[in-house]
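Report on the structure
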Amino acid sequence: MHFVIVGSSAAGTAAARSIRKSGSSDKITIITEDSEFFSRCQLHLLASGRRTHEQANFLPEGWIDSADVNILWDTRVTGIAPGKHTIYTEGDSEIKYNRLLIATGSRSWCPPIEGIEGEFTFGLRNMCDADKIFSVLPFMQSVTIIGAGLVGCELAAELSAIGKTVNVIELAPYPLPMQLEESTGKRCSELMQKSGINMYCGKKASKIKRSADGIPKAVILDNGESIDTDLIVTAAGVRPNIEWLEGSEISTDKKGILINEYCQTSIPDIFAAGDVTVMEDILLRSVMPSPIWPTAIHQGRIAGINMTGGHESLTRNTGFRSSVRLLGNNIVSLGPVSRPDPAWEKQEIKYTNSRGQTCIKVLYMDDEHLRAAILWGDITDAGVYTDVIINNRDLPAKRELATSLDGAKFGKEERDIL
Amino acid sequence: MKKKVINLSKCIGCKNCELACIEAHTEGGKVAAYLAGVQNSVRSRTKVELDNNGKRFPQFCRHCDEPACVEACMSGALQKQDDGLVICDTEKCVGCYMCVMSCPYGNARPSMGDKKIMIKCDACTDKDCMACADVCPTGCITVVEGDKAIEYIEEEKPCIL
């Protein structure tokens, strides 16, 4: 048996670990475009220089040997022939597999803005992106980030902390539009503005002005406003790495590879996990990617079990879980707060906790259940909220309880959010 | 391995376990920060609160078989060890708090103070004590030899102090 895994990030390595944990000693080959293991969630810390390559490795030291995996670094897959159980890599090398896992993730999408292609315009998705930003930073004073999602906001905070002038442009009326609603969104915008980050929310970049030798000079907004800039980072979304599957009969949609609850693709001996996949989200009931680290690890683990002949399923698949520490503020967002059901009742609670912090809870409830929540400030019991939302728990004294959930409420009862 | 047994009928909510946990995990011991009045900088890894039925419930890390905190950890700091304990490497932790968001028991917690990392029960592995059990005045928390890290039990007769 030869297990082949394409991708060496969260999902790919979790699958390899899971194959070994299932007791298999068969050959595992990981093929990856990367040159090393790194945690994609730490790229903003690498771009600013706060952490090193070595520190960003999320695997235990010596993992390749202890897990006995064969790894092909810097290797791009170019095609697949499922009928022949073969994948092709650059230079037309052939690799035969018995079971294949596709964990190729996604890549930064470059928004169609006039003049965006060119020097000193980077995404932030891979180690090489972080390296490029870090290496040019000493010569750059003003950085413009296009997109105020998690990547954009975390990078903005990092670069602002090391003294750069940071501009953030976001189409939505407030930052973190997937994680926050209007009131917390406005609060977040003010927080960033107060920290010296120039926020341009509800605005669109329409053009990049460059010097004769191609160096960025300014970003022009759709209202004509001009923002001086030396460096541009696009953080406006991602696209799945699925082009190499064309013509293979593996079912995909625009956003990724369709998988079932066993992480199988439409071809039974080909599995997929992580950001490259789409499946039904249990909270929004819509087929979509779940592009978060914990889900990638979980899908990888389930795929690994099933690749070795096991029968485990994904029962609580959702990407609506985010935690961010932004400019000293802990924020957790759970459930589809950006697309709440109109029937849900929204409740906002502001309070000062025992440590003197101003905290906010935004709760979305229907008759019986808590459906979504934003916790700002005190996130200590966020996992209990996650359990209640994901497991659709009945709340005995509904509203009252939802405002003050903690780990003791359900006593010694065993709980599972995976 | 050391197994923590919690007899729920015996908890009187004195919170000595919380204080002992703080002391055991505070540099210099002696709940130094509390004495100095700097309460914000210290935090217990355990907590006694009321459950849905109004009964006192001491919350301890369950050291789960498939820990949600470990799956959520993007730095590799949290690992399920071969001995069954879930331990955080505080040098590796970057304080993203995805573990806090993921522990259904609320036992992965953000640290207070300057170093922004997650904190959790480490079963006092680097000490010759089990701080919470050592100070428990009612025998609610005891340590025995066992094959898992923790067990909750409930006896008929409550302890009356």
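Read on for a plain summary of the structure.

What about the overall build of chain B?
On a plain count of helices and strands, chain B comes out with 5 helices and 9 strands. What you see in chain B, going N to C, is helices and strands ordered as β-α-α-β-β-α-β-β-α-β-β-α-β-β. Taking all 161 residues of chain B together, the buried fraction comes to 44%. Summarising the internal contacts of chain B: among those between residues at least 6 apart in sequence, 61% fall at separations of at least 24.

So, the packing of helix H1 (residues 10-21) of chain A against helix H8 (residues 293-307) of chain A
Two quantities define a packed helix pair, namely the angle between the axes and the distance from one axis to the other. Residue and element names in this part refer to chain A. Between H1 and H8, the least distance of the axes is 7 Å, while the angle of their chain directions is 35°. In this structure, the crossing between H1 and H8 has a hand that is right-handed. In this structure, H1 uses Ala 10, Ala 11, Gly 12, Ala 14, Ala 15, Ala 16, Ser 18 and Ile 19 to contact H8, whose residues at the interface are Trp 293, Ala 296, Ile 297, Gln 299, Gly 300, Arg 301, Ala 303, Gly 304, Ile 305 and Met 307. When the residues that make up the contact of H1 with H8 are grouped by side-chain class, the tally is 12 nonpolar, 5 polar and 1 charged.

Quick notes on the interface of chain A and chain B
Counting residues at the interface gives 38 residues for chain A, matched by 33 residues for chain B. Among the secondary structure elements, those contributing two or more residues to the side of chain A that touches chain B are H8, strand E23 (321-326), strand E24 (329-334) and helix H9 (382-390) of chain A. Considering each element in turn, the side of chain A that touches chain B owes the most residues, 5 residues, to H9(A). Among the residues making up the side of chain A that touches chain B, the classes are represented as 17 nonpolar, 11 polar and 10 charged.

Describing the sheet that holds strand E6 (residues 93-96) of chain A
Residues and elements named next belong to chain A. Across the sheet, 3 strands lie side by side as E4-E5-E6; this open sheet has antiparallel pairing. The sheet is open, and its two borders are formed by strand E4 (77-81) and E6, each paired with just one other strand. The mean angle between the axes of side-by-side strands here comes to 25°, regardless of whether they run parallel or antiparallel. Pairing geometry for strand E5 (residues 86-89) and E6, over 4 bridges, is antiparallel. In the strand pairing of E6, Ile 87 is matched with Ile 95.

So, how was this worked out
- Residues numbered from 1 in each chain as written.
- Chains lettered and ligands numbered in written order.
- Predicted model: local features only at pLDDT ≥ 70, side-chain atom pairs only at ≥ 80, totals over all residues.
- Helix = DSSP H or I, 4+ residues; strand = E, 2+ residues; numbered from the N terminus.
- Buried ≥ 20, exposed ≤ 12 C-beta atoms within 10 Å, placed from the backbone.
- Contact = placed C-beta atoms within 7 Å.
- Axes fitted to C-alpha atoms, helices over the stretch in contact; angles between N-to-C directions.
- Left-handed = near helix turned anticlockwise from the far one by under 90°.
- Nonpolar A, V, L, I, M, F, W, Y, C, P; charged D, E, K, R; others polar.
- Pairing = 2+ DSSP bridges.

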